[in-house]
Amino acid sequence: MNLSDLNKVAVAMTAPGKGILAADESTGTIKKRFDAIMTENTEDNRRDYREMMFRTTEAMKNHISGVILYDETIWQKAKDGTPLVDIIKAAGALPGIKVDEGTKPLPNQPGELITIGLDRLADRLPKYYDAGARFAKWRAVIDIGKGIPSHNAIHSNAHALARYAALCQAAQIVPIVEPEVLMDGEHDMAQCEAVTTWMLKETFQELYYANVPLEGIVLKPNMIVPGKKSGKPASVEQVAEATVRVLKNCVPGAVSGIAFLSGGQSDEEATAHLDAMNKIGNLPWALTFSYGRALQAAPQKAWAGKADNVAAAQRAFMHRAKMNSLAALGQWKADLEKKAA
Ligand code: 13P
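Figured I'd write up the structure that's included with this text. (Residues numbered from 1 in each chain as written. Predicted model: local features only at pLDDT ≥ 70, side-chain atom pairs only at ≥ 80, totals over all residues. Heavy atoms only, no water.)

## Regarding the site of the ligand
In the vicinity of the ligand lie 13 residues, with K137, K220, S262, G263 and R293 positioned nearest. The separation between an oxygen atom of the ligand and a polar side-chain atom of K220 is 2.6 Å. The separation between an oxygen atom of the ligand and a polar side-chain atom of S262 is 2.5 Å. Considering the ligand on its own, with 300 Å² of exposed area, one finds that the protein chains cover 92% of that surface. Elements supplying a minimum of two residues to the shell around the ligand: β6 (135-142) and β10 (286-291). Residues belonging to the shell around the ligand are distributed by class as follows: three nonpolar, four polar and six charged. (Near = heavy atom within 4 Å. Polar contact = N/O pair within 3.5 Å; in protein donor to acceptor, adjacent residues only side chain to side chain. Areas by Shrake-Rupley, 256 points an atom, 1.4 Å probe, with all protein chains shown as cover. Helix = DSSP H or I, 4+ residues; strand = E, 2+ residues; numbered from the N terminus. Nonpolar A, V, L, I, M, F, W, Y, C, P; charged D, E, K, R; others polar.)

Following this line, the structure appears as structure tokens:
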């Protein structure tokens, strides 16, 4: 492992005013997104949709540091035959790859999940490196509910994240470590804070046991928000303060950068929360975005599966990328959203 090169990539992924486009939806997940815009989930439609974003040159050049791809996309060619990876690289962004193979029920723990995909990972990583991937992603999923999470779910998922991270670094690929505490459910903000703290503490302990140098990872955490069904909304300032508090308690300063998931927040909430955290400032790590839904919901709606709508979809993508880029600098303002509407 060359740590200095890994660190350069991790720093580039979280460079000032830039963030990551999570376009790594599995074929099943993108089907849900396409169903919502009444678009058939074919290989060509998936390619056209993603090509549309990767060719939004201004957004990619100025606001996007890297793109997380799904296995299908990393091998896919654009309509004119150019590999999609080359389009991303030409725009100055880094290609990345989701390497987990989804989740399975965790045995003896009803309602809990374990992320799978470690068994052949050491063989798969060099192929992704040769295809251009310079970083990877693995998502652990922790749900809050009656009697859960269990220690077993926290521990097994943290352990898998650490094994994945060590394998990535050995293959000269920067691991995005994503321990996601879900925002579905009835729990309040304090429960989200307690469980996220537990999961992050356990994750960094396991990373330590696995000898993973933190200068060569990017952390992708959830923000501290109340459960969607809690009926107790929180203000932007409350979310920002709680999230910064948890990160300060759990994340060593050696971590090069933090790039949040959006997790089901609205587009504008995800932007406002990131902005408010960066306005607090004086933090040891860069705080930016690695959004899936909060970057893509608007362009998906504008595109609606029609070639005629590509320019409008690109404008929508450009707008969200720019808003989140300003938020990553703590320079976003709510009226900038209205002006664009
Ligand atoms: P969301 O921003 O839609 O949560 O997706 C980010 C991601 O990569 C989840 O694994």
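## Looking at the packing of aromatic side chains
Any pair of aromatic rings gets described here by the distance separating the centres and the angle formed by the planes. Evaluation of the coordinates by the stated rule reveals seven aromatic pairs. Seen from their ring centres, Y208 and Y209 are 6.0 Å apart, and the 45° between their planes marks the pair as tilted. Comparing Y208 with Y209 shows no difference in burial state: the two are exposed. The positively charged end of R134 is found above the aromatic ring belonging to Y129, 3.7 Å away from the centroid. (Phe/Tyr/Trp six-rings, centres within 6.5 Å; stacked < 30°, edge-to-face > 60°. Buried < 20%, exposed > 50% of the residue type's maximum accessible area, 1.4 Å probe, protein only. Lys NZ or Arg CZ within 6 Å of the ring centre and 35° of its normal.)

## Considerations on the side chain of S256
Structurally, S256 is set in the loop between α10 (236-250) and β9 (257-260). Here the side chain of S256 touches E215 through a polar contact of 2.8 Å, landing on its backbone oxygen. Within polar-contact distance, the side chain of S256 engages the backbone oxygen of I217 at 3.3 Å. Non-local contacts of S256, meaning those with residues more than four positions away in its chain, are made with N7, A10, V11, T14, L214, E215, G216, I217, W285 and A286. (Contact = heavy atoms within 4.5 Å.)

## Describing the packing of helix α7 (residues 121-130) against helix α8 (residues 151-170)
Close contact between α7 and α8 brings their axes to 9 Å; oriented N to C, the two are set at 45°. Classified by the angle their axes make, α7 and α8 are oblique. Where α7 crosses over α8, the handedness of that crossing is right-handed. Here L121, A122 and L125 of α7 come into contact with α8, specifically with Y164, L167 and C168. (Axes fitted to C-alpha atoms, helices over the stretch in contact; angles between N-to-C directions. Parallel < 35°, antiparallel > 145°, perpendicular 65-115°, else oblique. Left-handed = near helix turned anticlockwise from the far one by under 90°.)

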